[in-house]
Amino acid sequence: MVDKGEKCPDVQSASTLIKRRAYIKGKLTQLAKEDYSLLTVEGLVLKEERVRALFAEYERFTLEISETSQPDTETPGEADKNYFTALTAIKQRLTQLSNTDSKNTNSKPSFKVPELKINKFKGNYADYKSFIQLFNAAIDSNDKLQQIHKLCLLQGYLEGEPLDLIKNLPLISESYTEAKNILEQRYHNTYRIKNEHIGRILDITTVSKPTAANLREFVANTKQEKAALKNLGQGVESWDALLVCILTRKLDAYSVREFHLSRSSNEEPTLISLMHFLEKRATALEDSRLTASATIPGPAKATHAKKSCARSRAERTCP
């Protein structure tokens with residue numbers, strides 16, 4: 001039985017943990033405010049390790065406190081903010097040193113990162129191959145960039161899960177190769193990539209209104225996904241019957257009817273013939289619209305549009 005003047009062991013333990021956590025939090029606050037402009041690369045790496053170790057201790061104490069009966073009055077987010085502030089400052093200083101070293105080293109003259117548009121990779125399997133090839137061409141193959149600089153650039157082009165996979169790697173040169181290996185093992189999955197492209201064909205936007213723009217977008221998306229599957233070694237040349245069946249279900253009834261009327265009854269439809277038909281139809285719609293705009297007087301345009309619209313609806317309801 002515990003005397004009234006004494007604290008129970010659970011409260012004493014929680015009190016000790018809270019004091020230790022407060023000490024760690026104070027250290028993180030100091031590191032967040034520290035000036036890193038005079039530190040060398042080696043010093044920055046040591047500081048980074050120190051920041052990560054302190055934050056791990058802070059999270060451990062927080063977890064242990066939560067398992068006691070003592071209420072926790074800690075303001076959430078303060079330590080996290082100081083942790084990320086310190087890491088960001090260290091990372092920025094390392095990037096500055098990397099740029100300076102590149103300019104001052106004879107074997108590595110000053111450089112300018114190629115102005116090449118690289119979309120951020122967010123974890124979609126179908127986008128990985130094009131992303132990594134573009135990154136390799138623009139960044140990885142540039143021998144004027146140091147490994148640690150390439151790592152910072154790689155992190156900048158990632159978002160979501162891909163960034164989470166590598167963001168906690170230490171900011172040292174060796175981590176660049178490790179980061180690329182992690183991404184390669186996670187996203188270079190041919191089966192999943194093929195599935196993504198097949199899924200895009202199955203989910204292609206339905207053409208409910210057969211305008212020239214809608215038809216051209218439909219054709220472009222279809223060709224793009226077919227080409228991607230072909231480049232992955234998939235034998236899509238023998239998929240005509242399957243693809244024509246899937247894609248005609250995505251078109252408006254009038255376009256499908258016109259397509260079947262345009263071919264011989266004993267001729268088996270192919271994907272090429274369907275794409276060719278849609279491209280011709282889109283061109284015809286564009287030409288007819290331009291001709292109508294050029295020949296119809298201004299006041300008569302509204303009347304003509306109404307008649308044309310009524311005639312179009314009547315045609316679509318014909319057997």
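Above this note sits the structure.
A. Just the nonpolar core, in detail. Counting 44 residues, the largest nonpolar core has Leu28, Val51, Phe131, Leu154, Leu158, Ile166 and Leu183 as its most contacted members. Listing elements by their share of this core, those giving two or more residues are α1 (9–33), α2 (41–66), α3 (78–104), α4 (125–140), α5 (147–156) and α7 (174–187). Discounting residues that sit within four places of it in the chain, leucine 154 has contacts with Phe131, Phe135, Ile166, Tyr176, Ala179, Lys180 and Leu183. In this structure, Val207, Trp239, Met275 and Ala282 belong to the second largest nonpolar core, which totals 21 residues.

B. Up close: helix α8 (residues 190–202). Across its 13 residues, α8 extends 18 Å between first and last C-alpha, which sits within 8% of the 18 Å expected from 1.5 Å per residue. Listed in full, the buried residues belonging to α8 are Ile193, Lys194, His197 and Ile201. Considered in projection along α8, the buried side chains sweep an arc of 100 degrees and stay on one side of the axis. For α8, the secondary structure elements touched by its buried residues are α4, α7, α9 (212–231) and α10 (240–248).

C. Focus on the pattern of salt bridges. Tallied over the entire structure, the rule returns 15 salt bridges. Put simply, arginine 60 and glutamate 57 hold a salt bridge, and the shortest N to O gap is 3.0 Å. On the criterion of helical spacing, the pair formed by arginine 60 and glutamate 57 is a turn pair, its members being three residues apart in helix α2. With a closest N to O distance of 3.9 Å, lysine 122 and glutamate 159 form a salt bridge. Pair noted here: lysine 122 is in the loop between α3 and α4 and glutamate 159 is in the loop between α5 and α6 (161–166), with a separation of 37 residues, a long-range link.

D. Representation of the packing of α4 against α8 in the model. With their axes 7 Å apart at the nearest point, α4 and α8 run at an angle of 115 degrees to one another. When the axis of α4 is compared with that of α8, the two are roughly perpendicular. Residues Tyr125, Ala126 and Asp127 of α4 touch α8, and the partners they reach there are Arg192, Ile193, Glu196, His197 and Arg200.

E. Seen up close, the side chain of aspartate 240. The topology assignment puts aspartate 240 in helix α10. Despite being buried, aspartate 240 has no salt bridge partner; lysine 226 is the closest side chain of opposite charge, sitting 5.1 Å away. If sequence neighbours within four positions are ignored, aspartate 240 has contacts with Thr270 and Leu271.

Calculation rules
- Residues numbered from 1 in each chain as written.
- Predicted model: local features only at pLDDT ≥ 70, side-chain atom pairs only at ≥ 80, totals over all residues.
- Heavy atoms only, no water.
- Core = buried A, V, L, I, M, F, W, Y, C linked by side-chain atoms within 4.5 Å.
- Buried < 20%, exposed > 50% of the residue type's maximum accessible area, 1.4 Å probe, protein only.
- Helix = DSSP H or I, 4+ residues; strand = E, 2+ residues; numbered from the N terminus.
- Contact = heavy atoms within 4.5 Å.
- Expected span 1.5 Å × (residues − 1).
- Arc of directions from axis to C-beta.
- Salt bridge = Lys/Arg side-chain N within 4 Å of Asp/Glu carboxyl O.
- Axes fitted to C-alpha atoms, helices over the stretch in contact; angles between N-to-C directions.
- Parallel < 35°, antiparallel > 145°, perpendicular 65-115°, else oblique.
- Lys, Arg positive; Asp, Glu negative; His and termini not counted.

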